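Each chain is listed here by its residues.
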Amino acid sequence: MERRPAPAARGWLSLLLKAVVFDCDGVLVDSEKAVFAGIVAVFARWGVDCLVTGPASSLYGASVFEVISELERRLGGPVEVGEVAQELDAEIRAAIAGGVRAMDGAIELLEAIRGSRPLAVASNGSRETVEVSLSAASIPQVFDAVVTLEAPLRPKPAPDLYLRACERLRVVPARAIAVEDSVPGARAARAAGLMVVGVGPAPGLQAVADTVVPNLCDSQFLDLLGLETLQV
């Protein structure tokens, strides 16, 4: 069931919740098709050409290691993880650089809250992929921290990325909002202790997030941030 704060509580929440930590793909950048294009290209190179794409795919919100595990399952044997990880990273970055855009309201929202509170990105992607994605979508450079998947951090749904983001922002997780569009990401943020705002229609998201909104321009989400409207 969707858990929504009562209207009277939202004003207090906007004061209590200090930091905002955003996922990248599907929250700030409309890169889902590009990410899947990169995955499909690598799978095809390994002889797997029947990958189902789209939000219902089991790979939606998955880390590179989960993608590789799926490749191994379909091949029926192991692959060299480092080699395939490099292939995936290169193909995804190339697809993203070929053209992605900011999610509706993302640029306007970030500009509206620029400097008012600590902001971070926490992504299962590599540093290079996230940087290419943010740049290609013309996302403003407003973040105090960009946390990506690197050792010893574990990928979402483990809480590591969100815990590291809060550590770098110097806020306790209970004073932060996570903005996620996938179930693994929402689980990671909840395990870390953040309030979770789900964005979009991913199946199962309502069962994990504290509240789910259709997009970043939704009035309920803006209320949590102490905003009235966005000039989109």
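See the structure above.
Residues numbered from 1 in each chain as written. Predicted model: local features only at pLDDT ≥ 70, side-chain atom pairs only at ≥ 80, totals over all residues. Heavy atoms only, no water.

1. Quick look at the overall build of the chain
1) Next: Scanning the chain for helices and strands turns up 10 helices and eight strands.
2) Next: Within the span of the chain, comprising 232 residues, buried residues form 52% of the whole.
3) Next: Considering only contacts within the chain whose residues lie at least 6 apart along the sequence, 67% involve residues at least 24 apart.
4) Next: Counting every atom, the chain has about 10700 Å² of accessible surface; 54% of that belongs to carbon and sulfur. (Helix = DSSP H or I, 4+ residues; strand = E, 2+ residues; numbered from the N terminus. Buried < 20%, exposed > 50% of the residue type's maximum accessible area, 1.4 Å probe, protein only. Contact = heavy atoms within 4.5 Å. Areas by Shrake-Rupley, 256 points an atom, 1.4 Å probe, with all protein chains shown as cover.)

2. Side note on unusual backbone geometry
1) Next: Cis rather than trans, the peptide bond between Ala 151 and Pro 152 has omega equal to 5°.
2) Next: Relative to the helices and strands, Pro 152 is located in the loop between β5 (145–147) and α7 (160–169).
3) Next: Put simply, Lys 156 and Pro 157 share a cis peptide bond, and its omega is 15°.
4) Next: You can see Pro 157 is positioned in the loop between β5 and α7.
5) Next: Phi is positive for Ser 138, close to 60°, though the residue is something other than glycine.
6) Next: Following the sequence through the fold, Ser 138 ends up in the loop between α6 (127–136) and β5.
7) Next: Looking at Ser 138, the relative accessible area reads 53%, which means it is exposed.
8) Next: Backbone geometry at Arg 170 places phi at a positive 60°, although glycine is not the residue there.
9) Next: By secondary structure assignment, the location of Arg 170 is in the loop between α7 and β6 (176–180).
10) Next: For Arg 170, a relative accessible area of 77% corresponds to the exposed category.

3. Some details on the packing of aromatic side chains
1) Next: Here the structure, examined in full by the defined rule, presents one aromatic pair.
2) Next: Between Phe 22 and Phe 143, the ring centres sit 6.4 Å apart and the planes meet at 70°, which makes this aromatic pair edge-to-face. One end of the pair, Phe 22, is in strand β1 (residues 19–22); the other, Phe 143, is in the loop between α6 and β5, with 121 residues separating them in the sequence. The same class applies to Phe 22 as to Phe 143, namely buried. (Phe/Tyr/Trp six-rings, centres within 6.5 Å; stacked < 30°, edge-to-face > 60°.)

4. Considerations on helix α8 (residues 183–192)
1) Next: Of all 10 residues that make up α8, seven are buried, and the element is covered over most of its length.
2) Next: Those residues of α8 that sit buried are Val 183, Pro 184, Gly 185, Ala 186, Ala 188, Ala 189 and Ala 192.
3) Next: Those residues of α8 hidden inside the fold are in contact with α7, β6, β7 (195–199) and α9 (205–208).
4) Next: Taking the backbone nitrogen of Gly 185 as reference, a side-chain oxygen 3.2 Å away marks Ser 182 as the first, capping residue of α8.
5) Next: One or two positions beyond α8, positive phi appears at Gly 193, with a value near 100°. (Polar contact = N/O pair within 3.5 Å; in protein donor to acceptor, adjacent residues only side chain to side chain.)

5. A short note on the environment of Ala 85
1) Next: Checked against the element boundaries, Ala 85 lands in helix α4 (residues 81–97).
2) Next: When its relative accessible area of 22% is taken as the criterion, Ala 85 is described as partly exposed.
3) Next: Placed 17 residues apart in sequence, Ala 85 and Ile 68 show a C-alpha to C-alpha distance of 7.5 Å.
4) Next: When neighbours within four sequence positions are excluded, Ala 85 is seen to be in contact with Val 64 and Ile 68.

6. Focus: helix α2 (residues 32–45)
1) Next: Here α2 is 14 residues long and its end C-alpha atoms lie 20 Å apart, about the 20 Å a rise of 1.5 Å per residue gives.
2) Next: All buried positions along α2 are accounted for by Ala 34, Val 35, Phe 36, Gly 38, Ile 39, Val 42 and Phe 43.
3) Next: In this structure, the buried side of α2 is in contact with α3 (64–75) and α4.
4) Next: The first or second residue beyond α2 is Gly 47, which carries a positive phi of 90°. (Expected span 1.5 Å × (residues − 1).)

Just distances and angles here, no functional claims.
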